[in-house]
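Here is how the chains run, residue by residue.
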Amino acid sequence: MKFFIKFLSPVLAILLFVHVATAQRYWAPDGYQYYTTQNGEIVALDARDATKKTVLASVAQLTPQGGKAINVRRFTITTDGQKILINTNTKKVWRQDTRGDYWLFDATNQTLKQIGKDKPASSLMFAKLSPDGSKVAYVSGNNIYVEDVAGGTVKALTTDGTDRIINGTFDWVYEEEFDCRDGFRWSPDSKSIAYWQIDARKIKNYLMLNATDATYPFVVPVEYPVAGEDPSACKVGVVDVANAQTKWMDVPGDAIQHYIPRMEWTTNANELILLQLNRAQNEEKIFICNAQSGAAKPIYQEKSNAWVDVRGKAVGWDWVSQGKAFLLLTEKDGWKHIYRVGIDGKETLLTPGDYDVISISLIDEKGGYIYFIASPENATQRYLHRVKIGGGKPERLSPYALPGTHTYDISPNGKVALHGFQNSYTANAGDVVSLPDHQYISGTRIILNLAAKNKPEFFKVKTVDGIEMDGWMVKPTNFDANKKYPVVFYVYGEPATQTSADTYGAGKNSRYAGSMADDGYIYISVDGRGSPAPKGAAWRQAIYKNIGLINIRDQAMAATEIMKWPFVDPTRIAVWGWSGGGSSTLNLMFQYPEIYKTGIAVAAVDDQLTYDNIYQERYMGVPTTDEGRAVFKKGSPVTYAKNLKGDLLYIHGTGDDNVHYKNAELLINELVKYDKPFQLMLYPNRTHSISEGEGTTKHLQTIFTKFLKEHCPPGGR
């Protein structure tokens, strides 16, 4: 997770609040120290000298009387370092461990007490101190509670929460497709809380069957809206902490036929800002809402012939000019750029040019710059740039001597950064650098691993359609240019993932038992149109209403060109992928059987009408008519299953709550119907990752490798 400190009002500035899922660190206000965990303690380290350490809470201080020391999973801290809110004993909610217990450590009086101790264990979500530090709010059982820090009294701010009326957090599909989890925000004056309410009572259940964990099989229901089904109703309210009364925001439109993926307070304690998408996700509106009256005033609107991309940040708003304007990433001019949007609706383009801004890293108003990630020359890589706060030509800061993928945790003052680097042959490494000169300060110096074995080779391939695609290739260890080798293509092919990125995972296949290079395979991946590469909106949006068609043709036409290479054996072409990549694998095997002779598809969407509405409708339209549903069917693997000629291994977990096992049975029925032999491996109760259960990972590697070697033999000929 990347984080940075944005403009805060004077009241909000007394608190820093960042949930850190992995790194467990965030910047202190001075811009040089950062908070993290170390050996069970919460400490402050100096980025310029990691030996300078201040212990904020020791193991002894984090040990409840008569109990064991708290295992710190996450924490938040007031800027004076006196109150630390600690998240522990966490449990998964779908993808992330967002349920748990919370403890509050007060350094002033050296006390440690549990928050929400009257609630069930590991049931609290997103606990936050109020900006004035006097209260803690949290979600439990889909209701919002507030607890007084000094007296310990607890008040329910909502009481209607059920498994389907969801206050302060989200349903499955909002979490999966908008990355929305934390569903409430303290007001700057600590007097009220703005929150989402999701009404999922009309959403139908997908029923999964658990046949192994009890004597009798039982049904596991998952509330899941498929494409074509109405979404959950969504609205935003502001609850008064004193009287627990909620005022609902009067956002125009049908609460069911829209989404609200972003909401925050402005720098004004009586105003909210929220982003609304229509059901088809091709129209975005931003409103300023009066927290007392509920009145919603539109200040920004954007439409697209495909979809408006609002992914990437569910929490936070990039305020500038003391809250009079904000920064917005939009690709409405054909490239993803930073715009300054005033509360009055006035817009200014800050990053003109034919390149994409991938993400904003820091807004340094005092220094006069915006720092952002982009890669105008190479779509497989990522570099830090900056532009003047008023806009202009970007300046690259990442060193040219380190080609690859860079990440940055930039301090609030913009003077230092925790810098991460990796490329296809150099493992992820980090150091501390000064900015803007990008000079080494501390940490392990980053050195390219030029001696790496079997380094991927990056290449470009142009298809018969004139589409130039990026790709990587790993050749066999003892490669002989006079021999011909089998090729295994790794595919994804949908808007969620770019497989050709120059990262340390490129060219590696963790599902293969052993070394593909040592065994004599050429391993290749290419990205076609629709992949989220920084190549402009036209590249990304070409896949609109074309999933299963244009992305499949791009892959097949690239393979056709690669098969002409003198060292490639065109009779031994294999393909594999997972999830959307599993769908692509099936479509390639079925639509282009003359190319792909062997395929391994894992957890594939076999019929697009079975997948969730937010994702599938975003890229394929809303299938409310026969014509609309026909587009989905036209790109679905089940439509072409009758064309299978090669050898197929299909793998799925029966407990997959994302791409449900129903997909497997739909495909099986089609293959049986047309008398198409194939191999099938089902993993009982495994989820989309197929990682649960003793021996699962090793078993999947074994069958994957055995099938590939049998049907697409390795080695040069």
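Residues numbered from 1 in each chain as written. Predicted model: local features only at pLDDT ≥ 70, side-chain atom pairs only at ≥ 80, totals over all residues. Heavy atoms only, no water.

Caption draft 1: Geometry of the pattern of salt bridges. Tallying each qualifying case throughout the model produces 35 salt bridges. With a closest N to O distance of 3.6 Å, glutamate 457 and lysine 475 form a salt bridge. Taken together, the residues span a long stretch of sequence, with glutamate 457 in strand 37 (residues 457–462) and lysine 475 in the loop between strand 38 (468–474) and strand 39 (485–490) at a distance of 18 residues. For glutamate 457, a relative accessible area of 35% puts it in the partly exposed group. Measuring nitrogen to oxygen at the nearest pair gives 2.6 Å for the salt bridge that ties aspartate 626 to arginine 629. (Salt bridge = Lys/Arg side-chain N within 4 Å of Asp/Glu carboxyl O. Helix = DSSP H or I, 4+ residues; strand = E, 2+ residues; numbered from the N terminus. Buried < 20%, exposed > 50% of the residue type's maximum accessible area, 1.4 Å probe, protein only.)

Caption draft 2: How the structure looks around the nonpolar core. The biggest cluster of nonpolar side chains holds 62 residues, and the ones touching the most others in it are Leu272, Ile286 and Phe326. Broken down by element, this core gets its largest block of residues, 5 residues, from strand 22 (residues 271–278). The contacts of isoleucine 286, once residues within four sequence positions are left out, are Ile273, Leu274, Leu275, Lys297, Pro298, Ile299, Tyr300, Trp317, Phe326 and Leu328. (Core = buried A, V, L, I, M, F, W, Y, C linked by side-chain atoms within 4.5 Å. Contact = heavy atoms within 4.5 Å.)

Caption draft 3: Geometry of the sheet that holds strand 27 (residues 337–342). Taken in spatial order, the 4 strands line up as 25-26-27-28 in an open sheet, and their pairing is antiparallel. Each having just a single partner strand, strand 25 (319–320) and strand 28 (347–349) make up the two edges of the open sheet. Pairing analysis gives 6 bridges linking strand 26 (residues 325–330) to strand 27, with the strands arranged antiparallel. Bridge pairing in strand 27 places threonine 330 opposite histidine 337. (Pairing = 2+ DSSP bridges.)

Caption draft 4: Region of the structure containing the side chain of serine 636. Tracing the sequence through the fold places serine 636 in the loop between helix 7 (626–634) and strand 43 (647–653). Beyond its immediate sequence surroundings of up to four residues, serine 636 is in contact with Asn587, Asp606, Asp607 and Gln608.

Caption draft 5: Expanded view of the sheet that holds strand 23 (residues 283–290). The sheet built from 4 strands is open, its strands ordered 21-22-23-24 with antiparallel pairing. A strand with exactly one partner marks an edge of an open sheet, and here the two such strands are strand 21 (258–265) and strand 24 (296–303). On average, each strand axis in the sheet is inclined to that of its neighbour by 20°, with strand direction left out of account. (Axes fitted to C-alpha atoms, helices over the stretch in contact; angles between N-to-C directions.)

Caption draft 6: Molecular detail of the UniProt feature "domain: Peptidase S9 prolyl oligopeptidase catalytic" (unreviewed entry) in the protein. When the UniProt feature table is mapped to this numbering, "domain: Peptidase S9 prolyl oligopeptidase catalytic" (unreviewed entry) covers residues 515–711. With 40% helix and 17% strand, residues 515–711 has end C-alpha atoms that lie 17 Å from one another. (UniProt positions renumbered as here; feature names shortened; annotations may be inferred.)

Caption draft 7: Representation of the packing of helix 4 (residues 550–562) against helix 5 (residues 580–591) within the structure. Contact geometry for helix 4 and helix 5: axes closest at 10 Å, N-to-C directions at 65°. Regarding the angle of helix 4 to helix 5, the classification is roughly perpendicular. Considering only the axes of helix 4 and helix 5, their crossing is right-handed. Between helix 4 and helix 5, the residues in contact are Asn551, Ile552, Gln555 and Ala556 and Ser584, Asn587, Leu588 and Gln591, respectively. Considered class by class, the residues forming the contact of helix 4 with helix 5 number 3 nonpolar, 5 polar and no charged. (Parallel < 35°, antiparallel > 145°, perpendicular 65-115°, else oblique. Left-handed = near helix turned anticlockwise from the far one by under 90°. Nonpolar A, V, L, I, M, F, W, Y, C, P; charged D, E, K, R; others polar.)

Caption draft 8: Representation of the side chain of glutamate 41 in the model. On the secondary structure map, glutamate 41 appears in strand 4 (residues 41–46). For the buried residue glutamate 41, which engages in no salt bridge, the nearest side chain bearing the opposite charge is lysine 53, 4.3 Å off. Setting aside residues no more than four positions away along its own chain, glutamate 41 makes contact with Thr36, Lys53, Val55, Ala57, Ser58 and Val59. (Lys, Arg positive; Asp, Glu negative; His and termini not counted.)

Caption draft 9: Broad picture of the pairing of strand 44 (residues 679–683). Sheet topology places strand 43 next to strand 44; 5 bridges connect them, and they run parallel. Bridge pairing links glycine 653 to tyrosine 683 in strand 44.

Caption draft 10: Structural view of the packing of aromatic side chains. According to the stated counting rule, one finds 28 aromatic pairs in the structure shown. Ring plane angle 85° and centroid distance 4.7 Å describe the contact between tryptophan 307 and tyrosine 619, whose orientation is recorded as edge-to-face. Separated by 312 residues along the polypeptide, tryptophan 307 in the loop between strand 24 and strand 25 and tyrosine 619 in helix 6 (residues 613–620) bring together distant segments of the chain. Of the two residues, tryptophan 307 and tyrosine 619, neither departs from the other in class, the shared state being buried. (Phe/Tyr/Trp six-rings, centres within 6.5 Å; stacked < 30°, edge-to-face > 60°.)

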